[in-house]
Amino acid sequence: MKIHTQAVHAGDRKKAPAHIPATTPIYTATTYFYESMERLDRIFGQEEEGFCYSRYDNPSAAALEELMCALEGGHTALACASGMAAVQMAVTAALVDRPRSIVAANALYGATVGMLMNVLEPAGVAVRFADPTDLQALEAAVGEARPGCVLMETVSNPLLRVGAIDRIAEIARKAGAALVVDNTFATPLLSRPLAWGADFVVHSVTKYLAGHGDVLGGVVVTTEEHGAHLRNLSRTLGPVLGPFECYLTMRGIKTFPLRMERQCANACRVASWLAGHPKIERVHFTGDPAHPDAATIRRLFPPNLYGAMVSFELRDAGRTEVFRFMDALQLVVRATSLGDVHSMMLYPVMSSHREISPKHRLRMGIRDSLVRLSVGIEAPEDIVEDLELALEKV
Ligand SMILES: Cc1ncc(COP(=O)(O)O)c(C=O)c1O
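What this report covers is the structure whose coordinates are included nearby. Every chain's residues receive numbers from 1 upward, in the order its sequence appears when written. In keeping with the model being predicted, local features are shown solely for residues with a pLDDT of at least 70 and side-chain atom pairs are shown and tallied solely at 80 or more, while totals for entire chains, interfaces and linings include all residues. Side-chain metrics rest on all non-hydrogen atoms present in the structure, leaving aside hydrogens and water.

**Some words on the site of the ligand**
- In this text, near means that some heavy atom of the residue lies within 4 Å of the molecule or strand in question. For the ligand, the set of nearby residues contains 14 residues, the closest of which are Gly83, Asp182, Ser204, Thr206 and Lys207.
- A distance of 2.9 Å separates an oxygen atom of the ligand from a polar atom in the backbone of Met84.
- For the ligand, an oxygen atom lies 2.7 Å from a polar atom in the side chain of Thr206.
- Ten residue types, Ala, Val, Leu, Ile, Met, Phe, Trp, Tyr, Cys and Pro, are classed as nonpolar, four, Asp, Glu, Lys and Arg, as charged, and the remainder, Gly among them, as polar. Of the residues belonging to the shell around the ligand, the class tally is five nonpolar, six polar and three charged. Polar contacts here mean pairs of N or O atoms no more than 3.5 Å apart (in protein, one a potential hydrogen donor and the other a potential acceptor; neighbouring residues in sequence count only if both atoms are side-chain atoms).

In structure tokens:
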């Protein structure tokens, strides 16, 4: 063969070697070759397991999806290009063969609210909001709306409220709605919503699961009942995660339980220190025995694991004082996002809740003095010292 042909074909399409890599390699191939058309036909028709085209399925993604099914106790998973792609895929799959109507929690990640109001509602999906920590109000909203989907987060942002997923799943099931739970803040270490009756669990793996601030990704995990809908939708819409990001996510997940345990323990230390500081007016933390949802948290979360997010309000502070405080941080990173190995602080009024009017924000309990801290794996005394020195500047 001529050099031009050799350059294209030589070395490729080797038989799989007898050795098995101990961890999953990055499979960048977009298409797969089989010895016969008969076999390729069976794989295209999903009569035989195998890979034919990476938008349908890819060995790196399949490995991550198997891992996520194990962590969340699910049957089928879909690795997506972002947490938002995962939220959208879960909601779309939940609405297959169900009324085009959603009852959503009244405190959700901003882009999720944007998806509901700016994408789904204009496309003809009825959207109604209800408080997931008020079961009577939620049940009434579901009774009136008769939705196809109920959408909530395990732990709300930024005030860290916790709804009783098992009771909400019951309300949804009775109404014939599928329950979608965004489990990003809680992670499967604290909460496995499918076991409590949810139909779909969603993660932004960008956060705790990948954990190192170097991957953007999402995942949906679901039950056998919804698995085929989810995967068939994905084959058509193609929201999939690339193989390199799948690899990074799997690598991150290997240490996720260890990181999360440490982050939860650090958050307890930081939250109790903040609660005793004279310049702190109020601490919102899921491990606080006086938390408004303490009974639900005790019932549903494992002992001593409360999550690693701590929101707190500076006393007599507005935007100027909060900026001064956050500008003085030396260790805690001033950045959006959460769940990384390093501690990070965000100002909700400026970022996640910027588009919401000040009046509406106040009604939601989000004041100008509120900041949100994602506690990392550093030595807790160093995190505390950084906060202490920064508070001196206020
Ligand atoms: C709870 C929650 N869900 C979903 C998302 C969206 O994830 P991503 O940024 O990976 O699209 C975020 C992002 O911050 C989030 O906090």
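This is not the end of the story, as more comes after the structure.
**Structural notes on the sheet that holds strand E9 (residues 309–314)**
- Whether two strands pair comes down to DSSP finding at least two bridges between them. In this text, helices come from DSSP runs of H or I with a minimum length of four residues, and strands from runs of E with a minimum of two, each type numbered from the N-terminal end. The five strands are arranged E8-E9-E12-E11-E10 in an open sheet whose pairing can be described as mixed. One side of each edge strand has no neighbouring strand; the edge strands of this open sheet are strand E8 (280–284) and strand E10 (333–334).
- Pairing geometry for E9 and strand E12 (residues 370–374), over five bridges, is antiparallel. Each residue of the ladder has a partner; that of Val310, found in E12, is Leu373.

**Focus: the nonpolar core**
- One finds Val310, Phe312, Phe325, Met345 and Leu387 to be the most contacted residues of the largest nonpolar core, which totals 65 residues.
- When near neighbours in sequence (up to four residues on either side) are disregarded, Leu387 contacts Val270, Trp273, Leu274, Phe312, Phe325, Leu329, Met345 and Leu373.
- Counting residues in each nonpolar core, the second largest holds 46 residues, with Cys80, Leu116, Val127 and Ala175 among its members. Nonpolar cores are built from buried Ala, Val, Leu, Ile, Met, Phe, Trp, Tyr and Cys residues. Side-chain atoms within 4.5 Å join them into one set. For each residue, the accessible area found with a 1.4 Å probe, counting protein chains only, is set against the maximum for its type, and the residue is called buried under 20%, exposed over 50%, and partly exposed in between. In what follows, a contact means two residues having at least one pair of non-hydrogen atoms within 4.5 Å.

**Examining the pattern of salt bridges**
- Take a side-chain nitrogen of Lys or Arg and a carboxyl oxygen of Asp or Glu: if they are within 4 Å of each other, that pair is a salt bridge. Following the criterion strictly, the structure yields 13 salt bridges and no others.
- Taken together, the shared-partner salt bridges connect Glu35, Arg39, Arg42 and Glu48 into one network.

**Examining the sheet that holds strand E1 (residues 76–80)**
- Strand order across the open sheet formed by seven strands is E1-E7-E6-E5-E4-E2-E3, with mixed pairing between neighbours. In this open sheet, the two edge strands, each paired with only one partner strand, are E1 and strand E3 (126–130). Averaged over all neighbouring strand pairs, the angle between strand axes comes to 20°, with direction disregarded.
- Pairing analysis gives five bridges linking strand E6 (residues 200–204) to strand E7 (residues 218–222), with the strands arranged antiparallel. To define axes, lines are fitted to C-alpha atoms, for helices over the stretch in contact only, and angles between the resulting N-to-C directions are given on a 0 to 180 degree scale.

**Details of unusual backbone geometry**
- The linkage connecting Asn157 with the following residue, Pro158, adopts the cis geometry, with an omega of 0°.
- Among the secondary structure elements, Pro158 is positioned in the loop between strand E4 (149–153) and helix H7 (165–174).
- Backbone geometry at Leu160 places phi at a positive 60°, although glycine is not the residue there.
- Turning to its location among the elements, Leu160 is positioned in the loop between E4 and H7.
- In this structure Leu160 comes out as buried when scored by relative accessible area, which is 1%.
- Its identity is not glycine, yet Asn304 carries a phi of approximately 65°, on the positive side.
- Note that Asn304 resides in the loop between helix H12 (294–300) and E9.
- When its relative accessible area of 59% is taken as the criterion, Asn304 is described as exposed.

**A short note on the pairing of E9**
- E9 sits mainly inside the fold: six of its six residues count as buried.
- Neither face of E9 is left uncovered, since the one carrying Met309, Ser311 and Glu313 and the one carrying Val310, Phe312 and Leu314 both have all their residues buried.
- For E8 and E9, the ladder comprises four bridges, and the chain directions are antiparallel. Note on E9: the bridge partner recorded for Arg282 is Glu313.

**Focus: the packing of aromatic side chains**
- Each aromatic pair joins two rings of Phe, Tyr and Trp (for Trp, the six-membered one) with centres within 6.5 Å, and gets the label stacked for planes under 30 degrees apart, edge-to-face for over 60, and tilted for any other angle. Per the stated rule, a full pass over the model turns up seven aromatic pairs.
- Seen from their ring centres, Phe244 and Tyr247 are 6.1 Å apart, and the 25° between their planes marks the pair as stacked. Placement of the pair is Phe244 and Tyr247 together in helix H10 (residues 243–253), with a separation of three residues, close to one helical turn.
- Overall, the relative accessible area of 44% leaves Phe244 in the partly exposed class.
- Taken together, the ring pairs in this structure connect Phe44, Tyr53 and Tyr56 into an aromatic cluster.
- The rule is short: NZ of Lys or CZ of Arg within 6 Å of the ring centre and within 35 degrees of the ring normal puts a charge over the ring. Positioned above the aromatic ring of Phe33 is the side chain of Arg13, whose terminal nitrogen or guanidinium carbon lies 6.0 Å from the ring centre.
- A cation over a ring is seen here: Arg235 above Tyr56, with NZ or CZ 4.0 Å from the ring centre.

**Some words on the state of the cysteines**
- Throughout, disulfides are identified as pairs of cysteine sulfur atoms within 2.5 Å of each other. Counted according to the given criterion, the structure contains zero disulfides.
- In this model Cys69 remains outside any disulfide bridge; the closest cysteine sulfur is found in Cys80, 13 Å from its own.
- Judged by its relative accessible area of 11%, Cys69 falls in the buried class.

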